[in-house]
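Results of the structural survey
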Amino acid sequence: MSPLVAFVVATATSMSAVSYLLAIDEKRQRVFSLNRRWTLPKSRLVGWIVVLAPGVVLPATGHLSAFLCWFGAVTTLSWAIASRRPLRDARAAAKT
Amino acid sequence: MLAAVVSGIILHKHLLRDLFVAPRFSSLLLNRRDRHILAGSWSLPFGFLLAFTGAFFSFAGALGFPIVAMVSFGGDQVKMIETLVGVPEAESGAPAEMTNIDTILAKSAQRVGTSPDFVSVVHWGTEDAKMQVYHLPSGNGIESHNEIYDMVTGEYEGTKPDLGTRPSLGSAVFSWMGPLHFGHFAGLLSKFVWVSLGLAVCYVTLSGLQLWVQRRQGLATWRRLWRAIPIVGYGVPIGLAGAAIGFLAAFPAGDTGYWTPFGFLAGSAAVLIAGLVVKDREQLSRIYLFALGGSMAALPILRLAMGGTGWPTLFASANLITVMMDMLFLVGGGLVLALAAGWRPFARPAPEMPMATTDAEVVPAE
């Protein structure tokens, strides 16, 4: 597997888990008074394990450069995603 | 920076709990605080990495190695250098025919798998001549390669570790410092990621300073610092862009030694004069943003206008760092110009909340 493919797969895996953690985060739901119609099963532990799993798998399989790029990309992308307000709340804020 | 990272961990007690909370809209101050904390929390691991490797580069030569010389070699610096770098080979001085350099470069490229980044030759024209071929990290690894070739026979003689005379764990760790700090181990991808992380750390530093002073700007003693933040925050990159403009403009004439520092001083002077003349802080920041964005976007254009190598040639010779820098300056300059023109990537609370006039009025952390 090329370093680029390893990086893309690892980053996509972690970002999926970050999105899941974002959706189930209680403080985020409380702060923005979110009352979603649908709910996901809540397991922060599983979410974090999936987020961090590439950090173990990539070095173990010798993909050191992909590991470092993943490490940087996940922190930056997670920041970008987390700093977006929930859609419904953002629409309401825009109206006011 | 290391102190800033540690202070961030100590000061922010709800690091994990606030990782997914987007900036709130209850007040502008709280909104800015949330932005700072969110950016700081996510960029903390990289901030530590950058600070640690930067501290290593800053202090290894000035403090680390002299201490090693004193402790391990009884103050014998020559012995330390022989251990860490190697013993210079004796030179016979006997003239000898040099082998073809291109043949060695091709051999090294085939052996390592990438094109060499630079070469150096010692004892040219003698039978002791050696060539050191340096390859930046590539592929799955993050270590660079120093290949040694005999310039008379063209034979490969071995790989020189970055530290010491034979491969070791210390040498491997030492060789990781550069790639970890500069992010030059996976071509454009790692460069792009490292630039993004570097910008995030700059944002955290600047927004942290702003917050610290903004919460106290009602107090007379803090007002000057409040005004100084954009002057320093935008002034340093504007000065650096001025240095680059000076370098590029003087490059064809070959007088970069004078015009590069002149460009930095001219850019810095312009920032200071604007800071003295323009009284309104918002207007001042906007002027700085226009100056910064304009100078950043001008750099790639100026480079090409002054006879710099074009992108097709750079791609053909695998010189991707220059392409990356051009792209980042164009995109970054465009974004800064858009911010100066009023574009806001994130929604913000409209009404400006009154600022605290005493420490007792400072908004509590939670």
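Bear in mind that the values here come from a model prediction, so they are computed numbers and not experimental data. (Residues numbered from 1 in each chain as written. Chains lettered and ligands numbered in written order. Predicted model: local features only at pLDDT ≥ 70, side-chain atom pairs only at ≥ 80, totals over all residues. Heavy atoms only, no water.)

Residues and elements named next belong to chain B. Within strand S3 (residues 145-150), five of the six residues are buried, leaving the element largely enclosed by the surrounding structure. The pairing of strand S2 (residues 130-135) with S3 spans six bridges and is classified as antiparallel. Looking at S3, one finds that Lys130 is bridged to Asp150. Here S3 runs beside strand S4 (residues 156-159); their pairing, made up of three bridges, is antiparallel. (Buried < 20%, exposed > 50% of the residue type's maximum accessible area, 1.4 Å probe, protein only. Helix = DSSP H or I, 4+ residues; strand = E, 2+ residues; numbered from the N terminus. Pairing = 2+ DSSP bridges.)

At the junction of the two partners, chain B supplies 33 residues and chain A supplies 30 residues. When chain B packs against chain A, the two sides together hide about 2900 Å² of surface, and 75% of this comes from carbon and sulfur. When residues of chain B are sorted by the area they lose upon contact with chain A, Phe20, Trp42 and Asn140 of chain B head the list and together hold 29% of the total. In this structure, the connection of chain B to chain A is made through zero salt bridges. The interface formed by chain B and chain A contains three residue pairs in polar contact (both at pLDDT 80 or more). Every element with two or more residues in the side of chain B that touches chain A is listed here: helix H2 (28-72) and helix H6 (187-214) of chain B. (Contact = heavy atoms within 4.5 Å. Buried area = accessible area lost by both parts, 1.4 Å probe. Salt bridge = Lys/Arg side-chain N within 4 Å of Asp/Glu carboxyl O. Polar contact = N/O pair within 3.5 Å; in protein donor to acceptor, adjacent residues only side chain to side chain.)

So, about H2 of chain B. With 45 residues, H2 of chain B should reach 66 Å at 1.5 Å per residue; the first-to-last C-alpha distance of 56 Å falls well below that figure. Directly beyond the C-terminal end of H2 of chain B, a positive phi value near 60° is found at Gly74 of chain B. (Expected span 1.5 Å × (residues − 1).)

Turning our attention to the nonpolar core. Phe20, Trp42, Phe46 and Trp194 of chain B are the most contacted members of the largest nonpolar core, which totals 36 residues. At the level of secondary structure, the elements contributing two or more residues to this core comprise helix H1 (3-24), helix H3 (44-60) and helix H4 (64-82) of chain A together with H2 and H6 of chain B. The element best represented in this core is H1 of chain A, accounting for nine residues. In contact with Trp42 of chain B, other than residues within four places in its own chain, are Thr75, Ser78, Trp79 and Ala82 of chain A together with Leu19 and Phe20 of chain B. Counting residues in hydrophobic clusters, the runner-up holds twelve residues, among them Ile231, Val271, Tyr288 and Ala340 of chain B. (Core = buried A, V, L, I, M, F, W, Y, C linked by side-chain atoms within 4.5 Å.)

What follows covers the state of the cysteines. In the structure shown here, the tally under the stated rule is zero disulfides over all chains. Cys69 of chain A takes part in no disulfide bond, and the closest cysteine sulfur to it belongs to Cys202 of chain B, at a distance of 19 Å. (Disulfide = S-S within 2.5 Å.)

Turning our attention to H1 of chain A. Spanning 22 residues, H1 of chain A covers 32 Å between terminal C-alpha atoms, matching the ideal 32 Å at 1.5 Å per step. Restricting attention to buried positions, one finds in H1 of chain A the residues Ala6, Phe7, Ala10, Thr11, Ser14, Met15, Ala17, Val18, Leu21, Leu22, Ala23 and Ile24 of chain A.

This brings us to the confidence of the model for chain A. Predicted coordinates in areas of low pLDDT are best not read in detail. With 86% of its residues at a pLDDT of at least 70, chain A reaches an overall mean of 85. The element-level mean pLDDT for chain A is lowest in helix H5 (residues 87-95) of chain A, coming to 57, with H3 of chain A highest at 94. (pLDDT = per-residue confidence, 0-100.)

This part takes up unusual backbone geometry. In this structure, His123 of chain B takes a positive phi of about 55° despite not being glycine. Assignment of secondary structure puts His123 of chain B in the loop between strand S1 (118-122) and S2.

Looking now at the packing of H4 of chain A against H2 of chain B. For the pair H4 of chain A and H2 of chain B, interaxial distance at closest approach is 8 Å and the crossing angle is 170°. Judged on the interaxial angle alone, H2 of chain B and H4 of chain A are roughly antiparallel. Facing Phe71, Thr75, Ser78, Trp79 and Ala82 of chain A of H4 of chain A, the residues of H2 of chain B in contact are Leu38, Ala39, Trp42, Pro45, Phe46 and Leu49 of chain B. Tallied by class, the residues present in the contact of H4 of chain A with H2 of chain B amount to nine nonpolar, two polar and no charged. (Axes fitted to C-alpha atoms, helices over the stretch in contact; angles between N-to-C directions. Parallel < 35°, antiparallel > 145°, perpendicular 65-115°, else oblique. Nonpolar A, V, L, I, M, F, W, Y, C, P; charged D, E, K, R; others polar.)

One pass over the structure, following the stated rule, counts six salt bridges over all chains. The residue Asp25 of chain A makes a salt bridge to Arg44 of chain A at a minimum N-O spacing of 3.4 Å. Of this pair, Asp25 of chain A sits in the loop between H1 and helix H2 (26-31) while Arg44 of chain A sits in helix H3, and the two are 19 residues apart along the sequence. Exposure remark for Asp25 of chain A: the relative accessible area of 3% places this residue in the buried category. Residue Arg111 of chain B is joined to Glu147 of chain B by a salt bridge in which the shortest nitrogen-to-oxygen separation is 2.7 Å. Highlighted residues: Arg111 of chain B in helix H4 (residues 101-112) and Glu147 of chain B in strand S3, separated in sequence by 36 residues. Using a relative accessible area of 47% as the deciding quantity, one classes Arg111 of chain B as partly exposed. Several salt bridges converge on common partners, so that one network encompasses Lys130, Asp150 and Glu157 of chain B.

All names here are of chain B. A contiguous nonpolar patch, built from Ile301, Trp311, Phe315, Met327, Leu330, Val331, Leu335 and Trp343 and spanning about 750 Å² of accessible area, is present on the exposed surface. Secondary-structure elements contributing two or more residues to the nonpolar patch are helix H10 (311-316) and helix H11 (320-340). Looking at the secondary structure, you find Ile301 in helix H9 (residues 281-305). Exposure remark for Ile301: the relative accessible area of 55% places this residue in the exposed category. (Patch = residues over 30% accessible without salt bridge, like charges linked within 9 Å, V, L, I, M, F, W, Y side chains within 5 Å. Areas by Shrake-Rupley, 256 points an atom, 1.4 Å probe, with all protein chains shown as cover.)

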